[in-house]
Amino acid sequence: MEKMADQENIILVTRVDQQKADRVLARFPKAVYHADARMIVMELKAVATRGRGPILIISAGTSDIPVAKEAYLTAKAMGNTVDTIYDVGVSGIHRLLNHKKKIDQAAVLIVAAGMEGALPSVVAGMVDRPVIAIPTSVGYGVNLGGLTALFAMLNSCSSNVAVVNIDNGFGAGYMASMINRE
């Protein structure tokens, strides 16, 4: 972080537990630890907001929120307007449909889902914009550490779905930002 501080406007550190975060924060008082996303953000210079439109991050269940928050913080740090909708998975599809207007306004969508990983395909069928799917390692039954969701997302018949690796909120936020650039 010391070497990066001379070159960057903002520094993101992912996969940080509380103990390591405490050590980093003691050294870098400008840094902020987001325990829910296991991420440190240190803004050294303000990042201008840009992009073609808002990025919308959707999580299927509440256990997918930490990965969704990692994507949120990443996209926000890259200068995007970012919004979220949490806990709208396919087991209660009416909750997703209640947010149709917000979904339609998004320029790029990120969808985090574990279990059977069906939500990205559902969302992709509702829009004509890029959907970045994040399989999460949460779930029960035959989740296989996120492989079930990953395979479902890779097999999506929706042609506007791209998939990042399991639990890769950072990668999804970064890719959405690149797509959203003007």
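Thresholds applied
Residues numbered from 1 in each chain as written. Predicted model: local features only at pLDDT ≥ 70, side-chain atom pairs only at ≥ 80, totals over all residues. Heavy atoms only, no water. Helix = DSSP H or I, 4+ residues; strand = E, 2+ residues; numbered from the N terminus. Buried < 20%, exposed > 50% of the residue type's maximum accessible area, 1.4 Å probe, protein only. Expected span 1.5 Å × (residues − 1). Contact = heavy atoms within 4.5 Å. Pairing = 2+ DSSP bridges. Right-handed = clockwise from strand over helix to strand, strands pointing away. Polar contact = N/O pair within 3.5 Å; in protein donor to acceptor, adjacent residues only side chain to side chain. Axes fitted to C-alpha atoms, helices over the stretch in contact; angles between N-to-C directions. Salt bridge = Lys/Arg side-chain N within 4 Å of Asp/Glu carboxyl O.

Peer 1: An account of the side chain of Ser177 is requested, with residue identities and associated values reported.
Peer 2: Within the element layout of this structure, Ser177 appears in helix 8 (residues 169–180). We classify Ser177 as buried; its relative accessible area is 1%.

Peer 1: I'd like a rundown of helix 3 (residues 65–77), residues and numbers included.
Peer 2: Here helix 3 spans 18 Å end to end across 13 residues, near enough to the 18 Å set by a 1.5 Å rise per residue. Where helix 3 is concerned, the buried positions are Ile65, Val67, Ala68, Glu70, Ala71, Leu73, Thr74, Ala75 and Ala77. Just downstream of helix 3 lies Gly79, where phi reads positive at about 90°.

Peer 1: Break down the environment of Lys69 for me, with residues and values.
Peer 2: Inspection of the secondary structure puts Lys69 in helix 3. On the accessibility criterion, Lys69 (25% relative accessible area) is partly exposed. Other than its neighbours up to four places away in sequence, Lys69 contacts Asp36, Ala37 and Tyr86.

Peer 1: Summarise the pairing of strand 5 (residues 82–85); cite the residues concerned and give the values.
Peer 2: Judged from the 4 bridges that link them, strand 4 (residues 55–59) and strand 5 form a sheet pairing that is parallel. When the bridges of strand 5 are listed, Leu56 appears paired with Asp83. In this region the chain leaves strand 4, passes through helix 3 and returns to the parallel neighbour strand 5; the handedness of that crossover is right-handed.

Peer 1: Can you lay out the side chain of Ser59 for me, pointing to particular residues and giving the numbers?
Peer 2: Here Ser59 lies in strand 4. Take Ser59: its relative accessible area is 0%, and that puts it in the buried class. Within polar-contact distance, the side chain of Ser59 engages the backbone oxygen of Gly61 at 3.2 Å. Those residues in contact with Ser59, other than ones at most four positions away along the chain, are Asp64, Ile65, Ala68, Ile85, Tyr86, Asp87, Val88, Gly89, Ala112 and Leu119.

Peer 1: Can you lay out the environment of Phe28 for me, pointing to particular residues and giving the numbers?
Peer 2: As for its position among the elements, Phe28 is in the loop between helix 2 (18–27) and strand 2 (32–34). In the structure, Phe28 is positioned 14 residues away from Met42 in sequence and 8.2 Å away in space, judged by C-alpha atoms. Setting aside its immediate chain neighbours within four residues, Phe28 contacts Met1, Glu2 and Met42.

Peer 1: Help me get a handle on the sheet that holds strand 2, residues and values and all.
Peer 2: In spatial order, the strands read 1-3-2; together these 3 strands make up an open sheet with antiparallel pairing. Each edge of the sheet is formed by a strand with only one pairing partner; in this case those strands are strand 1 (10–14) and strand 2. Going across the sheet, the axis of each strand differs from the next one's by a mean of 20°, ignoring polarity. Sheet analysis places strand 2 next to strand 3 (residues 39–43), joined by 3 bridges and oriented antiparallel. Bridging across to strand 3, Tyr33 finds its partner in Ile40.

Peer 1: How would you explain the pattern of salt bridges if you had to name every residue and give the values?
Peer 2: Within the structure shown, the criterion is met by 7 salt bridges. Between Glu2 and Arg27 there is a salt bridge, with the nearest N and O atoms lying 2.6 Å from each other. One end of the pair, Glu2, is in helix 1 (residues 2–5); the other, Arg27, is in helix 2, and 25 residues separate them in sequence. The class for Glu2 is partly exposed, based on a relative accessible area of 48%. Lys102 serves as the salt-bridge partner of Asp83, at 3.2 Å between the closest nitrogen and oxygen. Note that Asp83 is positioned in strand 5 and Lys102 in helix 5 (residues 100–105), a separation of 19 residues in sequence.

Everything listed here is a matter of coordinates, which is why it stays silent on function.
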